[in-house]
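# Structural characterization, general
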Amino acid sequence: MRVSQMLLPTVKEEPAGAEAVSHKLMVRAGLVRQLAAGVYIYLPAGWRVMQKIAAIIRQEMDGIGCQELLMPVINPAELWEESGRYTEIGDELFRFKDRKGTPMVLAMTHEECITWVAAREIRSYKQLPQLWYHIQTKERDEARPKSGILRTREFIMKDSYSLDVSDEALQESYRKHIAAYDRIYRRCGLRFLMVQSDPGMMGGRTAHEYMAPSEAGEDDVVVCRGCGYAANIELAVARPQPLEALPVGAPGAAGEAAAASTDTTARVTLPAATAPAAERLQVVHTPGTRTIAQVTAFLGLPAQRLIKSLIVVTEQAAVKPAATARGAAGASAGTGTASGAPGAALGEEPRPAAWMVLVRGDHELQESKLRKLIGDFRMATADEVLALQAAPAGFVGPVRRAGGDGEGAVVEVTGLPILADEALRDGVYVGGANLEDHHLVGIVPADWGAPAGESVITEPLCAGPGEPVAAAWVDVRRVQDGDRCLECDAPVEIERVIEVGNIFQLGTKYSIPMGATYLDEDGKEQPIVMGSYGIGLARIAAAAVEQHHDDDGIIWPVSIAPWQVELVCVRPADDAQRALAERLYDELRAVGLEVLYDDRAVSAGIKFKDADLLGCPLQVVVGKKAADGIVELKERAGAAGVAALAGVPAGPGTRSELPATEVVAVAGARVAELLSALS
RNA sequence: CGGGGUGUGGCUCAGCUUGGUAGAGCGCUCGGUUCGGGACCGAGAGGUCGGCGGUUCAAAUCCGCCCACCCCGACCA
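Residues numbered from 1 in each chain as written. Chains lettered and ligands numbered in written order. Predicted model: local features only at pLDDT ≥ 70, side-chain atom pairs only at ≥ 80, totals over all residues. Heavy atoms only, no water.

### A closer look at unusual backbone geometry
Our working rule: Only DSSP runs of H or I with at least four residues qualify as helices, and only runs of E with at least two residues qualify as strands; both kinds are numbered from the N terminus onward. Working definition: with a 1.4 Å probe on protein chains only, accessible area under 20% of the residue-type maximum means buried, over 50% means exposed, and in between means partly exposed.
The peptide bond linking Leu128 to Pro129 adopts the cis configuration, its omega dihedral lying at 5°. With respect to the element layout, Pro129 can be found in the loop between α5 (111–121) and β7 (130–139). Positive phi is not limited to glycine here, since Ser147 has a value of about 55°. Accessibility expressed as a relative area gives 19% for Ser147, which makes it buried.

### Section: the protein's contact with RNA strand B
The condition that has to hold: When we say a residue is near a molecule or strand, we mean one of its heavy atoms is within 4 Å of it. Polar here means any residue other than Ala, Val, Leu, Ile, Met, Phe, Trp, Tyr, Cys and Pro, which are nonpolar, and Asp, Glu, Lys and Arg, which are charged; Gly is therefore polar.
Near RNA strand B, the surroundings consist of 40 residues, among which Glu111, Arg144, Leu506, Asp612 and Arg655 are the closest. Each atom of RNA strand B within 4 Å of the protein belongs either to a base or to sugar and phosphate, the latter forming 46%. Those elements that place two or more of their residues in the surface near RNA strand B are β1 (32–36), β23 (492–507), α15 (604–614) and β32 (630–635). For the surface near RNA strand B, the residue count by class is 14 nonpolar, five polar and 21 charged.

### Points about the sheet that holds strand β29 (residues 565–569)
Strands belonging to one sheet form pairs held by backbone hydrogen bonds; the direction of such a pair is parallel or antiparallel. What counts here: In this description, strands pair whenever DSSP reports at least two bridges between them. An axis is simply a line fitted to the C-alpha atoms; with a helix, the fit covers only the stretch in contact. Between two such axes, the angle follows the N-to-C directions and lies from 0 to 180 degrees. Any two residues whose heavy atoms approach within 4.5 Å at even a single point are treated as in contact.
The strand order β30-β29-β31-β32-β33 describes an open sheet built from five strands, whose pairing is mixed. Each edge of the open sheet is held by one strand with a lone partner, namely β30 (595–598) and β33 (656–659). In this sheet, neighbouring strand axes are inclined to one another by 25° on average, regardless of whether the strands run parallel or antiparallel. When β29 meets β30, the two strands line up parallel, connected through four bridges. The residue bridging Val565 from the neighbouring strand is Val595, located in β30. Along the sheet face, helix α17 (residues 660–677) touches β29, β31 (618–622), β32 and β33 and points at about 125° away from the line of β33.

### Here's the deal with the side chain of Thr115
If you trace the backbone, Thr115 turns up in helix α5. On the basis of relative accessibility, which here comes to 0%, the residue Thr115 falls in the buried class. Residues within four places of Thr115 in sequence aside, it is in contact with Tyr510, Ser511, Met514, Ala516 and Met530.

### Focus: the pattern of salt bridges
Applicable threshold: Should a side-chain nitrogen of Lys or Arg be within 4 Å of a carboxyl oxygen of Asp or Glu, the pair is scored as a salt bridge.
For the structure shown, the criterion picks out 39 salt bridges. Glu657 is paired through a salt bridge with Lys625; the nearest N and O atoms lie 3.1 Å apart. Of the two residues, Glu657 sits in strand β33 while Lys625 sits in the loop between β31 and β32, which places them 32 residues apart along the sequence. Relative accessible area serves as the criterion here: at 46%, Glu657 is assigned to the partly exposed category. Note that Arg670 is salt-bridged to Glu635, the shortest N-O span being 2.8 Å. Taken together, the positions of Arg670 in helix α17 and Glu635 in strand β32 put the pair 35 residues apart, joining distant regions of the chain. As far as the burial class goes, Arg670 and Glu635 line up, both buried. Each of the salt bridges in this network shares a partner with another, and the network as a whole consists of Arg2, Arg578, Glu582 and Asp599.

### As for the sheet that holds strand β16 (residues 378–379)
A sheet is described by the order of its strands in space; here five strands give the open sequence β16-β14-β15-β19-β22, paired in mixed fashion. Of all the strands in the sheet, the pair left with one neighbour each is β16 and β22 (471–474). Across eight bridges, strand β14 (residues 307–314) lies against strand β15 (residues 353–360) in antiparallel orientation. If you follow Ser309 over to β15, its bridge partner there is Leu358. Across the sheet, helix α10 (residues 367–374) lies against β14, β15, β16, β19 (418–421) and β22, angled at about 50° from β14, the strand it touches most.

### Looking at the side chain of Ser214
By secondary structure assignment, the location of Ser214 is in the loop between β10 (207–213) and β11 (219–224). Beyond its immediate chain neighbours, meaning those up to four positions away, Ser214 contacts Arg496, Val497, Ile498 and Glu546.

### Details of helix α14 (residues 575–590)
Since the α-helix turns once every 3.6 residues, residues separated by three or four places project in the same direction. Stated formally: One less than the number of residues in a helix, times 1.5 Å, gives the span that helix is expected to have. By definition, the arc is the one covered by directions from the helix axis to the C-beta atoms. In protein, a polar contact requires one atom able to donate a hydrogen and another able to accept it; more generally it is a pair of N or O atoms within 3.5 Å, and residues adjacent in sequence count only if both atoms are side-chain atoms.
The terminal C-alpha atoms of α14 lie 22 Å apart, and with 16 residues this matches the ideal 22 Å at 1.5 Å per residue to within 8%. Listed as buried for α14 are Gln577, Leu580, Ala581, Leu584, Tyr585 and Leu588. Down the axis, α14 shows its buried residues gathered within 145° of arc, on one side only. Turned more than 90 degrees off the buried face of α14, the exposed positions are Asp575 and Ala590. Those residues of α14 hidden inside the fold are in contact with β29, β30, β31, β32 and α17. Regarding α14, its N-cap is Asp574, as a side-chain oxygen of that residue lies 2.9 Å from the backbone nitrogen of Ala576 further along. Phi for Gly592, located one or two positions after α14, is positive at around 90°.

### Notes on the packing of helix α1 (residues 21–28) against helix α13 (residues 537–547)
So the rule is basically this: Roughly parallel here means an angle under 35 degrees, roughly antiparallel means over 145, roughly perpendicular means 65 to 115, and every remaining angle is called oblique.
Two numbers describe how α1 lies on α13: the axes approach to 8 Å, and their chain directions differ by 100°. Between α1 and α13, the angle is such that the two are roughly perpendicular. Contact residues: α1 offers Val21, Ser22, Leu25 and Met26, while α13 offers Ala541, Ala542, Val545 and Glu546.

### Some words on the confidence of the model for chain A
What counts is decided by this rule: Along the chain, pLDDT gives the predictor's confidence residue by residue, from 0 to 100.
In this model, chain A carries an average pLDDT of 85, and 83% of its residues clear a pLDDT of 70 or more. Scored below 50 in pLDDT, residues 317–352 makes 50 contacts in the model with residues more than four places away or belonging to other chains.

### Some details on the environment of Asp220
Within the secondary structure layout, Asp220 lies in strand β11. Residues Asp220 and Glu495, spaced 275 residues apart in sequence, show a C-alpha to C-alpha distance of 5.4 Å. In this structure Asp220 touches Asn232, Ile233, Arg478, Ile494, Glu495 and Arg496, once residues within four positions along its chain are discounted. In terms of polar contacts, Asp220 uses its side chain to reach the side chain of Arg496, at 3.0 Å.

### Some remarks on the packing of helix α2 (residues 44–63) against α13
The relative placement of two packed helices comes down to the angle between their axes together with the axis-to-axis distance. Our working rule: Here a crossing is called left-handed whenever its near helix is offset anticlockwise from the far helix by less than a right angle, and right-handed whenever the offset is clockwise.
In contact at an axis separation of 9 Å, α2 and α13 are set at 115° when each is read in the N-to-C sense. Judged by the angle between their axes, α2 and α13 are roughly perpendicular. The handedness of the crossing between α2 and α13 is right-handed. Where α2 abuts α13, its residues Val49, Met50, Ile53, Ala54 and Ile57 lie against Leu537, Ala538, Ile540 and Ala541. Residue classes in the contact of α2 with α13 are distributed as nine nonpolar, no polar and no charged.

### Quick notes on the packing of aromatic side chains
Cut-off, in case you're wondering: Only the six-membered ring of Trp is used, alongside the rings of Phe and Tyr, when aromatic pairs are assigned; centres must lie within 6.5 Å, and planes under 30 degrees apart are stacked while those over 60 apart are edge-to-face, with the rest tilted.
A complete count under the given rule lists eight aromatic pairs for this structure. Plain terms: the ring middles of Tyr185 and Tyr210 are 5.2 Å apart, the flat faces sit at 25° to each other, and that makes the pair stacked. Of this pair, Tyr185 sits in helix α6 (residues 167–187) while Tyr210 sits in strand β10, placing them 25 residues apart in sequence. For Tyr185, a relative accessible area of 0% corresponds to the buried category. By relative accessible area, Tyr210 is classed as buried at 0%. With centroids separated by 4.9 Å and ring planes inclined at 35°, the aromatic side chains of Tyr585 and Tyr597 adopt a geometry described as tilted.

### Comments concerning the environment of Arg290
With respect to the secondary-structure elements, Arg290 resides in the loop between β13 (282–285) and α8 (292–299). Judged by relative accessible area, which is 42%, Arg290 ranks as partly exposed. In this structure, Arg290 is in contact with Pro392, Ala393, Gly394, Phe395 and Glu436, ignoring residues within four places of it in sequence. A distance of 3.4 Å separates polar atoms of two side chains, one belonging to Arg290 and the other to Glu436.

Structure below.
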């Protein structure tokens, strides 16, 4: 392709409002243009990248026996009503009516469609397993498109589906996909991780996501370098940093003495956990300290000695099918002081439930974990907190002393059901006193929590009226950098990543409601067991740019570069240069290389800048020494870029001279080398 | 959906506070000089200042409504 004749609108200035490196570079390099929020046009060079990614995906999917078909973007809404997603999914689903008034949708994935096909065409176990895929546009009315091509409302996705006779059989389809995905991402030159992911409340048990580390990502994953544990932060588990021993303070103090950092005078002393509650609990005056930071500073205690008491309300308790309240009965066997059904405090029917959720002061609530336990929820408003707890937000806590801070007052646990993060199993803490401007010192969660040793509740909890959960240990904390791996005890790290693919074991979520069944060997009708597997093509492109670029522009992995070689003729007006460049253009293509030929009559600087921006792996420069038969070969990656491309051996330096008679062979060999390094 | 911001030539932006002839750089066209890392000189083309309404003798500028886009959050098979 000749640059002089093609649409390759490179731009010197960064697009306004672009944040992500990939967004800036892809626009500047003339690969894409934005048409509307989250809607992009792929210009010729950008589309070549997409086609190359698609080709790799096709090869690998075909390689595991997955058959390509094509399903439409326009679906009758009826189909989505059958699966239940027509009502389950909100505004994200594009809906419209055709001229006859029939409700239609724009497909955001194709489970419904594939299940429709399966329901009609699959009859016998003899036809299974099947693996089907297509590469098709998806439409999602994203609330917030962002980061250029990373999160768009219309995007191209490879989605495949497996149909199996059983769960066991599904495992094999799943394994095949893992093998194919590993090869796809590797061939595309991405650094990537496969992590455990949340199958969601949508059904399905096992799910994994493929993640490409990048600052531009929107997800965080927890990875352990020791044993390879890797999971999305939404469900990741790890052992928290232990409580630091507090230096012994006041003589006569039975337990640990309070002391924070070296230059702060502790105002309180933490009593021994074994002391009787009535003696141990002490109300302290903490004026104006509503946040953990304020309390920490005021009391001179480290944040990890505080309890964060969050009050949340679930509003859809009545709508969601109430999961069994298993665990509830056992959990109420604490000190027995808890009382009151959730929702009772708020009163009336469509029973909204309110909970008090406790996490250690230096920890954060991982909302996705809590959501799995109690369903959708939100933080209570200040007014609701006051109504539920009879105390202002900022000073609520799990325990109160009846009658305020009077001596010898009786200890009570809040009326709300408590979900306490298991990091609070040990230790003595400070929490809100349920009294404005006061905190309570000496709280021992083990006292009123589930009995020590009780296993952590991981099943959904949903206490209906009359089914109170008094207190339970749960895992609702967000894993932090430096926490210890549960498997091998090595410190874990948190990495920002771009989700470039996912694999799900769907099970029968779609096949049952949509009637996709087969007859087994005994002639009995069985639901087909399904899996679903996605890859976002544009995200691979964007992640590749994020991972492989420098100040001058993109450094494409050869496998997905728009062209393998860019041939630059420095001065086309010079007959010798022009003639040699033309000849090399033909010769390079003749040996099967993909060549972009910059034959423009513009200054050399423009061509060099553009070549670096666009990022083809090799550059052949025909310049001054053309008459002597000498040209230059440059590897775009240079030494540093090469190192970033995992496993690719360093090539020639930035630019080296060689006879024109050799450059075709050398370039061909180098491209082959780069390609094989990625296979 | 909540909060914040921005809409001015193809692109990146200034001008708006304090109303009075619409600007710069880049890009584009023509001529000339240059010619290996986004050249230089000269001459040009190109804008209903996001839209509608209001205030005013007069609105890019002030006011109201709407739209679009961007950022933070919520949301996210």
